[in-house]
Amino acid sequence: MSHLGLVVNPTAGKGRGTTAGRRVHELLRARGHRVEDLSGPTLEQATDRARAAALEGLDGLVVVGGDGVVHLGVNVVAGTGLPLGIVAAGTGNDIARSLGLPRGDVDAAVAALEHGLGEGPRRVDAVRVGEPGRAAREWFAGVLSCGFDAAINARANEMSWPKGSARYVRALASELAGFRPYGYRVTLDEGVWEEPGTLVAAANVPWIGGGLKIAPDAAVDDGLLDVVLAGPFTRGGVVRIFPGIYRGRHIGHPAVEVRRSRSLLIEPLESEGPHPPVAFADGERIGPLPLHAQVDPGALSVLC
Ligand SMILES: Nc1ncnc2c1ncn2[C@@H]1O[C@H](COP(=O)(O)OP(=O)(O)OP(=O)(O)O)[C@@H](O)[C@H]1O
C-alpha cells in the first residue's frame, strides 16, 4: 500500500478531468492505496497543496489532466526523488505521448502507474528555466518555446471566444497578420546563433501543441535538449511549412536546424528583429526573454 497525493485538473480535456479524476481516486483506493486529494481551484493553489503534502511525506504524486497539470507535478517533484504518476486526460497530452504512457484511457494509465510503484520508477530528464544569473526555480519536462507558436498560445489565452481549437485558429490568423521574424541570440554549449528567426524551441521531448512533431529526435533521457532554430520565414512560408510539422518534415527545410545542448541562453537581439514573444513551456507561461535553461539529467522519476 502506498500513500499517494492526487491532483486533478477539472478543466483539462474540455471538462473530462473531473470524471477521470473520480475514476482514478476510486481505482487507487480499491487497490488499497491511501489517497490524499490535493486538487485546488487554481493551478497555483493545487501546487501549494501538493508541495506541502510532499514535504510531509508521500510515496508518489499522481496528476490527472493535460500537460499543464503535468507541469505542476514536475514542479513539485523534480529533483526530490518523489515519483510522478501521470493520468493523461488533457487535450494535447504531449508529455504522456513522449513517455509512451496511455492517453485517454484511465484504467490503462492507472495500471501503468501501479506497475511503476511495484517495479520502481523510470528516471528521465527535467529542465530548469529562469532569468539568467539567478537560481532557476521553475522546471519543465516538455518543450520551451519562445517563437511564433508561443505568440499564438499567448494570444489564444487572451481570447474568450471561440472555445477549443477554433480559438487557436483565430489567434494564428491575428498573429500572422502582423508577423515579422524576431531577433534572437541563442548561446548553446557549442556556438552562438544570432539571426532573425521564426521559432526557437528547446525540446526535451519530440511533441508540442497536441501532436506537432517539433523535434523528432528529442529523447527524454539523453541529458540534452534538441534546440530547433527556425530562420526568417515569410507569412506564406509559415503557412506552407506548418502542416508538415505534424510529421516532423520541417526538419529537412534549409532554414531550420537542430542543435543539441545541455544548456542554453536565449536573448532578444534588437539588431535582428522585434523582441521575441513571452516563452511558454509545457503549454504554460514562463516569462519574457532573456531566459536560461539547463537540463538536469534523470531529475524526474516517472511511474510507468
Ligand atoms: N484547478 C486547476 N488545477 C490545475 N490546473 C488548472 C486548474 N484550473 C485551471 N487550470 C489550468 O488549466 C489549464 C489546462 O490544463 P491542462 O494542460 O492540464 O489540460 P488541457 O489543456 O486540456 O491539456 P493539454 O495541455 O495537454 O492540451 C492549465 O493552464 C492550468 O493552468
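In the annotation of an unreviewed UniProt entry, the entry for the protein chain reads Diacylglycerol kinase family lipid kinase, and the organism field reads Cellulomonas edaphi. You can read under Sequence similarities (unreviewed entry) in the UniProt record for the protein chain the words "Belongs to the diacylglycerol/lipid kinase family." Per UniProt, the comment on the protein chain under Cofactor (unreviewed entry) is "Mg(2+)".

K.L.:
So, the sheet that holds strand E13 (residues 225-230): which residues are in play, and what are the values?
P.N.:
Think of a sheet as strands paired side by side through backbone hydrogen bonds, with each pair either parallel or antiparallel. Pairing within the open sheet is antiparallel, and its 6 strands lie in the order E14-E13-E10-E7-E16-E17. Bordering the open sheet on either side are strand E14 (256-261) and strand E17 (284-287), each of which pairs with just one other strand. With direction set aside, neighbouring strand axes in the sheet form an average angle of 25°.

K.L.:
Just give me the short version of the site of the ligand, but keep the residues and values in it.
P.N.:
Around the ligand, the surrounding shell holds 19 residues, and the nearest of these are Gly 40, Gly 68, Thr 91, Gly 92 and Glu 284. One of the side-chain N or O atoms of Asn 9 is found 2.7 Å from an oxygen atom in the ligand. For the ligand, an oxygen atom lies 3.3 Å from a polar atom in the backbone of Val 69. Across the complex, the protein chains shield 76% of the 630 Å² of accessible surface that the ligand would expose by itself.

K.L.:
Please provide a residue-by-residue account of the UniProt feature "domain: DAGKc" (unreviewed entry) in the protein chain, values included.
P.N.:
In the UniProt entry, the feature "domain: DAGKc" (unreviewed entry) is given for residues 1-133. In this annotation, residues 1-133 is assigned 48% helix and 23% strand; the end-to-end C-alpha distance for the span is 43 Å.

Procedures and definitions
Residues numbered from 1 in each chain as written. Predicted model: local features only at pLDDT ≥ 70, side-chain atom pairs only at ≥ 80, totals over all residues. Heavy atoms only, no water. UniProt positions renumbered as here; feature names shortened; annotations may be inferred. Pairing = 2+ DSSP bridges. Helix = DSSP H or I, 4+ residues; strand = E, 2+ residues; numbered from the N terminus. Axes fitted to C-alpha atoms, helices over the stretch in contact; angles between N-to-C directions. Near = heavy atom within 4 Å. Polar contact = N/O pair within 3.5 Å; in protein donor to acceptor, adjacent residues only side chain to side chain. Areas by Shrake-Rupley, 256 points an atom, 1.4 Å probe, with all protein chains shown as cover.

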